[in-house]
Amino acid sequence: MNKNSKIYVAGHRGLVGSAIVRKLQEKGYNNLVYRTSAELDLRDKPQVDAFFAEEKPEFVFLAAAKVGGIVANNEYPAEFIHDNLLIQSNIIDAAYRNGVEKLLFLGSTCIYPKLAPQPLKEEYLLTGALEPTNEPYAIAKIAGIKMCESYNRQYGTKYISAMPTNLYGPNDNFDLHTSHVLPALLRKFHEAKASNAPFVEMWGTGTPKREFLYSDDLADACVFLMNTYEGNEIVNIGVGEDITIKELGEKVKAVVGYEGDIQFDTSKPDGTPRKLVDVTKLNGLGWKAETVLEDGLQKAYQWFLDNELAAAK
């Protein structure tokens with residue numbers, strides 16, 4: 001990409017898309033196009049085709065998706081597979097039909113088998129059964145990966161697929177019902193502090209291990225891959241380190257300044273026992289994550305205070 005290349009960021013208001021927009025602007029890319037979901041329904045093929053025909057973007061970051069945590073995935077499996085299949089299929093096909101030079105498709109590490117060896121290597125894709133709670137979402141993402149690979153094989157396109165680990169940062173979803181674990185914990189501990197609650201309840205046993213990548217680091221990796229990578233294989237994006245959910249709770253508790261206890265509801269599901277990605281390929285290409293978890297948590301909590309809480313007043 002050069003600084004004047006026309007770049008479309010799909011999903012520009014979400015956690016990932018907004019970080020990509022910030023990173024592109026920071027690096028001097030000044031010809032960005034995007035639409036809100038009210039302006040362009042990405043599930044509607046005629047609308048997507050018309051948008052691409054009108055704007056003719058040269059590069060596309062496909063960060064638009066229906067996403068959610070374990071509760072949302074459990075309750076809305078039909079929407080998770082239906083909406084994501086439509087969004088990615090419409091954009092990938094329209095990109096080909098309108099001569100897009102390069103596209104980056106963002107998947108998720110939930111594409112890997114539930115009991116795959118750790119850390120998760122790219123070649124583990126499709127080697128075993130998926131985690132049941134997010135299988136519809138994972139299958140949609142796997143379809144997106146295979147669609148990019150298939151268009152590359154048949155049409156000679158340059159579509160690449162990146163698999164980020166668990167993400168957090170500005171514009172995250174802090175809704176306790178539909179969010180992922182880290183933003184949910186930030187909100188839970190904040191509300192417990194505000195109400196002087198004696199304890200915060202966390203789901204499961206606290207023993208599963210998770211890896212957390214700050215969204216601005218992900219965005220930096222995406223811009224890096226768009227400019228340097230042309231392989232037809234997926235690339236993991238992560239930190240290469242993980243912590244237990246219990247340890248995460250303690251770190252969030254410290255950042256928020258909550259002084260009560262943590263209790264675990266062991267009747268609730270744990271999800272996958274461990275989900276650490278192998279980042280050997282990405283590190284070998286020349287990119288490594290920079291934001292340490294404590295610093296990222298501070299930034300995410302400050303954004304929550306400045307935006308979520310301010311908007312609620």
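These numbers were taken from a predicted model, which means no experiment stands behind them.

(A) A look at empty space enclosed by the protein. A full pass over the atoms with the stated rule returns 1 cavity of 30 Å³ or more. Put simply, the largest cavity is a space of about 60 Å³. What lines the largest cavity is Thr109, Cys110, Tyr112, Pro113, Lys114, Leu120, Glu131, Asn134, Thr272, Arg274 and Lys275. For the lining of the largest cavity, the class distribution of residues is 4 nonpolar, 3 polar and 4 charged.

(B) Highlighting the sheet that holds strand S13 (residues 274-275). Strand order across the open sheet formed by 3 strands is S11-S8-S13, with mixed pairing between neighbours. Of all the strands in the sheet, just strand S11 (243-244) and S13 have a single pairing partner and so form its edges. Bridge count between strand S8 (residues 209-210) and S13: 2 bridges; the pairing is parallel. Bridge pairing in S13 places arginine 210 opposite lysine 275.

(C) Expanded view of the environment of serine 150. With respect to the secondary-structure elements, serine 150 resides in helix H5 (residues 135-155). Sequence separation between serine 150 and asparagine 232 is 82 residues, and the spatial gap between their C-alpha atoms is 9.4 Å.

(D) Region of the structure containing the sheet that holds strand S10 (residues 235-237). Spatially, S2-S1-S3-S4-S5-S10 is the arrangement adopted by the 6 strands of the open sheet, whose pairing is parallel. Edge positions in the open sheet fall to strand S2 (32-33) and S10, since each of these has one partner strand only. In the sheet, strand S4 (residues 102-106) pairs with strand S5 (residues 159-164) via 4 bridges, with the strands oriented parallel. Note on S5: the bridge partner recorded for leucine 103 is tyrosine 159. On top of the sheet, helix H1 (residues 15-26) reaches strand S1 (7-10), S2, strand S3 (59-62) and S4; it is set at about 155 degrees to S1, its chief contact.

(E) Quick peek at the pairing of S4. The buried count for S4 comes to 5 of 5 residues, which makes it a mostly enclosed element. The alternating pattern of S4 places Lys102, Leu104 and Leu106 and Leu103 and Phe105 on opposite faces, both of which are buried.

(F) Quick peek at H5. If you check H5, its first and last C-alpha atoms are 29 Å apart, about what 21 residues at 1.5 Å a residue would give, namely 30 Å. Directly beyond the C-terminal end of H5, a positive phi value near 75 degrees is found at glycine 156.

(G) Just the packing of aromatic side chains, in detail. The full count for this structure, using the stated rule, is 12 aromatic pairs. Measuring from centroid to centroid gives 5.0 Å for phenylalanine 174 and phenylalanine 304, while their planes differ by 45 degrees, and the two rings are tilted. Of this pair, phenylalanine 174 sits in the loop between strand S6 (166-168) and helix H6 (181-194) while phenylalanine 304 is found in helix H10 (residues 293-312), placing the two residues 130 residues apart along the sequence. As far as burial versus exposure is concerned, phenylalanine 174 and phenylalanine 304 are alike and both buried. When the centroid spacing of 6.3 Å and the interplanar angle of 15 degrees are considered together, the rings of tyrosine 301 and phenylalanine 304 count as stacked. Of this pair, tyrosine 301 and phenylalanine 304 are both found in helix H10, 3 residues apart, which corresponds to roughly one turn of the helix.

(H) Structural detail: the layout of surface pockets. Computed from the structure, the second largest pocket encloses a volume of approximately 270 Å³. Around the second largest pocket sit 18 residues that line it, and Val239, Glu241, Thr291, Val292 and Leu293 are the ones nearest its centre. Class assignment for the residues of the lining of the second largest pocket results in 7 nonpolar, 3 polar and 8 charged.

(I) Quick look at the pairing of strand S7 (residues 199-203). Burial along S7 is one-sided: Val200 and Met202 are buried, and none of Phe199, Glu201 and Trp203, which face the opposite way, are. With 5 bridges connecting them, S7 and strand S12 (residues 261-265) associate as parallel partners. Within the sheet, the bridge partner assigned to glutamate 201 lies in S12 and is glutamine 263.

(J) Spatial organisation of the pattern of salt bridges. Scanning the entire structure with this criterion turns up 19 salt bridges. With a shortest N-O distance of 3.6 Å, glutamate 230 and lysine 158 are connected by a salt bridge. Of the two residues, glutamate 230 is situated in the loop between helix H7 (215-228) and S10 and lysine 158 in the loop between H5 and S5; the sequence distance between them amounts to 72 residues. We classify glutamate 230 as exposed; its relative accessible area is 55%. For lysine 158, a relative accessible area of 38% gives the class partly exposed. Between arginine 187 and glutamate 191 there is a salt bridge, with its nearest N and O atoms 2.9 Å apart. Of this pair, arginine 187 and glutamate 191 both sit in helix H6, 4 residues apart, which is roughly one turn of that helix. For glutamate 191, a relative accessible area of 37% puts it in the partly exposed group. Within this structure, Lys45, Asp49, Asp93 and Arg97 form a network of salt bridges that share partners.

Cut-off values and rules
Residues numbered from 1 in each chain as written. Predicted model: local features only at pLDDT ≥ 70, side-chain atom pairs only at ≥ 80, totals over all residues. Heavy atoms only, no water. 1 Å grid on protein atoms, 1.4 Å probe; cavity = no way out; pocket = protein on both sides within 12 Å on 5 of 7 lines; lining within 4 Å. Points joined across faces, edges and corners; volume = space filled by probe spheres on them. Nonpolar A, V, L, I, M, F, W, Y, C, P; charged D, E, K, R; others polar. Pairing = 2+ DSSP bridges. Helix = DSSP H or I, 4+ residues; strand = E, 2+ residues; numbered from the N terminus. Contact = heavy atoms within 4.5 Å. Axes fitted to C-alpha atoms, helices over the stretch in contact; angles between N-to-C directions. Buried < 20%, exposed > 50% of the residue type's maximum accessible area, 1.4 Å probe, protein only. Expected span 1.5 Å × (residues − 1). Phe/Tyr/Trp six-rings, centres within 6.5 Å; stacked < 30°, edge-to-face > 60°. Salt bridge = Lys/Arg side-chain N within 4 Å of Asp/Glu carboxyl O.

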